[in-house]
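# Structural description and commentary
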Amino acid sequence: MEQKKKQACFTIGELANLYHIPKQTLIYYSNAGLLIPSFIEKNGYRYYSVDQFHELEIILNLRKLDVPIKEIRAFLENRSPAALTRLLERQKAEDDRLIEAIREKQTAMEYLLSQLKHQVGLPLGVFQTTWLPTREIYASDPVPPDADSAARMQLFSDHVLSIFGKDDFRNTPPGWIIRQSDFFGENQHRTWRYFVKVTSPKEEFPTIQIPAGLYVRIFFSGTYTKNYKELYGKLNEYLSRNHLEVSGDVIVQSIKDYWQTSNETRYITEFSLPVRSLE
C-alpha cells in the first residue's frame, strides 16, 4: 500500500480514539457488515477512510436512538432526505410504543401500591353488611364440576396468562366465584369461575360485572381453603341474626397472598356475597 494513501487514513486505534470508543466496537461493526475497513494489510492492520469517519458518526448517533444494525446498514447504502425521514419516523413510532408500555407498567404499579396501602388496618374477622359498587372483572370459563386439581390449575393459569401475557405486569391478586348452590350445599370448595379485577381495560378481553348492591363481607387471615368450614357456620349465624337472605354467588378475593409472604397464616382473604333484608 502506498505510504501517501495510508497517511490519509485512520488506523483502528486512531478512529476509535477520535470517538472515544473501544476498538472492539469497530471490530463488531466490521463483522456485522456495517463499517468494513477500507483495506486490511497482510499484517492485519485495519485502515479507515475519511468517508468512514463520517459514517461512524452516523452509526454511533443512530445507535443512540436504538436503531437496529440492519436498518442502519440499509440507510448507509441508500442515503437521502426521504430515507432519513422514513428511518426516524419508524424509530419514533417504536419509541412511542415503548413509552406507552412504560406508562402501562407505571399505572399497574401505582394500582398495586395503592392496594398495599389499603390492606393496612383492614378489620379482620368481622362480618359487615355494606353497599359495594359495581366491579368489573375478567372471568374465566366455568370450571367443569368434575375437574381435578391439575385441570383447575391449568384453567387458572391459562386464564391469567391470556390476560397478562408475557409482558403485562399482574398487579392484582386473583379471585374466584363459588355458586350460591354449591356454597350452601356441601360444595364450599368448588370454584365456578376464576377472575382478575379489571384495573386497566383491555378491548380484546370481554368483562363481566359483579353488580352493585348490599353485601355481607369479611376480611380474614389465612386461606379460604383452610377457613371455609368455620366461615360457613359463622356466616349462617350472622345472616340469621341480622335477618338477611343470600341473593347471589360467593366472591372470594385474595388481598395479601404469596407475593407478600410465604406464611399462609399471614394471608388476607376477602369473602363477600350479595344479600337482601328480610325485614
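Residues numbered from 1 in each chain as written. Predicted model: local features only at pLDDT ≥ 70, side-chain atom pairs only at ≥ 80, totals over all residues. Heavy atoms only, no water.

## Here we look at the overall build of the protein
The number of helices and strands found in the protein is nine helices and twelve strands. Overall, the protein is about 105 × 40 × 40 Å in size when its C-alpha atoms are taken along their principal axes. Considering the protein as a whole, with its 279 residues, one finds that 37% of them fall into the buried category. A sequence separation of at least 24 residues applies to 71% of the contacts in the protein between residues at least 6 apart. (Helix = DSSP H or I, 4+ residues; strand = E, 2+ residues; numbered from the N terminus. Buried < 20%, exposed > 50% of the residue type's maximum accessible area, 1.4 Å probe, protein only. Contact = heavy atoms within 4.5 Å.)

## Looking at helix H5 (residues 69-77)
Those residues of H5 lying buried are Ile69, Ile72, Phe75 and Leu76. Viewed end-on, H5 has its buried residues packed into an arc of 125 degrees, placing them on one side of the element. Those residues of H5 that are exposed and angled more than 90 degrees off the buried face are Lys70 and Glu77. (Arc of directions from axis to C-beta.)

## Let's talk about the layout of surface pockets
What the largest pocket holds in volume is close to 740 Å³. Along the wall of the largest pocket there are 22 residues; nearest its centre are Met153, Trp176, Thr191, Tyr194 and Thr225. Every element with two or more residues in the lining of the largest pocket is listed here: helix H7 (149-164), strand E6 (175-178) and helix H9 (224-241). Taken together, the residues of the lining of the largest pocket break down into nine nonpolar, eight polar and five charged. (1 Å grid on protein atoms, 1.4 Å probe; cavity = no way out; pocket = protein on both sides within 12 Å on 5 of 7 lines; lining within 4 Å. Points joined across faces, edges and corners; volume = space filled by probe spheres on them. Nonpolar A, V, L, I, M, F, W, Y, C, P; charged D, E, K, R; others polar.)

## Considerations on empty space enclosed by the protein
Taken as a whole and judged by the stated rule, the model has one cavity of 30 Å³ or more. The set of elements that each furnish at least two residues to the lining of the largest cavity consists of strand E5 (135-139), strand E7 (193-197), strand E11 (250-256) and strand E12 (268-277). A breakdown of the residues in the lining of the largest cavity according to their chemical character gives four nonpolar, two polar and three charged.

## Describing the pattern of salt bridges
Enumeration over the complete set of coordinates arrives at ten salt bridges. A salt bridge links Arg179 to Asp249, with the shortest nitrogen-to-oxygen separation between them at 3.1 Å. With Arg179 in the loop between E6 and helix H8 (180-183) and Asp249 in the loop between strand E10 (244-246) and E11, this pair connects stretches of sequence that are 70 residues apart. Salt-bridge contacts for Arg190 lead to Asp182; the nearest nitrogen and oxygen are separated by 3.5 Å. Given the relative accessible area of 25%, Arg190 is considered partly exposed. Given the relative accessible area of 12%, Asp182 is considered buried. (Salt bridge = Lys/Arg side-chain N within 4 Å of Asp/Glu carboxyl O.)

## Here's the deal with the packing of aromatic side chains
Applying the stated criterion across every chain yields a total of 13 aromatic pairs. Consider the rings of Phe169 and Trp259, whose centres lie 5.7 Å apart with planes at 65 degrees: the pair is edge-to-face. Linking Phe169 in the loop between H7 and E6 with Trp259 in the loop between E11 and E12, this pair joins segments that are 90 residues apart in sequence. In textbook terms, an aromatic cluster arises when at least three aromatic residues are bridged by ring pairs, as seen for Phe183, Phe184, Tyr232 and Phe271. Its guanidinium or amino end placed over the ring of Tyr215, Arg135 lies 5.0 Å from that ring's centre, counting from NZ or CZ. The ring of Trp192 has Arg179 sitting right over it, with the charged end atom 4.0 Å from the ring centre. (Phe/Tyr/Trp six-rings, centres within 6.5 Å; stacked < 30°, edge-to-face > 60°. Lys NZ or Arg CZ within 6 Å of the ring centre and 35° of its normal.)

## Let's talk about a nonpolar patch on the surface
Together, Met109, Phe169, Tyr258 and Trp259 give the surface a local cluster of nonpolar side chains, amounting to about 430 Å² of exposed area. A residue is classified by how much of its surface remains accessible, and Met109, at 44% relative accessible area, is partly exposed. (Patch = residues over 30% accessible without salt bridge, like charges linked within 9 Å, V, L, I, M, F, W, Y side chains within 5 Å. Areas by Shrake-Rupley, 256 points an atom, 1.4 Å probe, with all protein chains shown as cover.)

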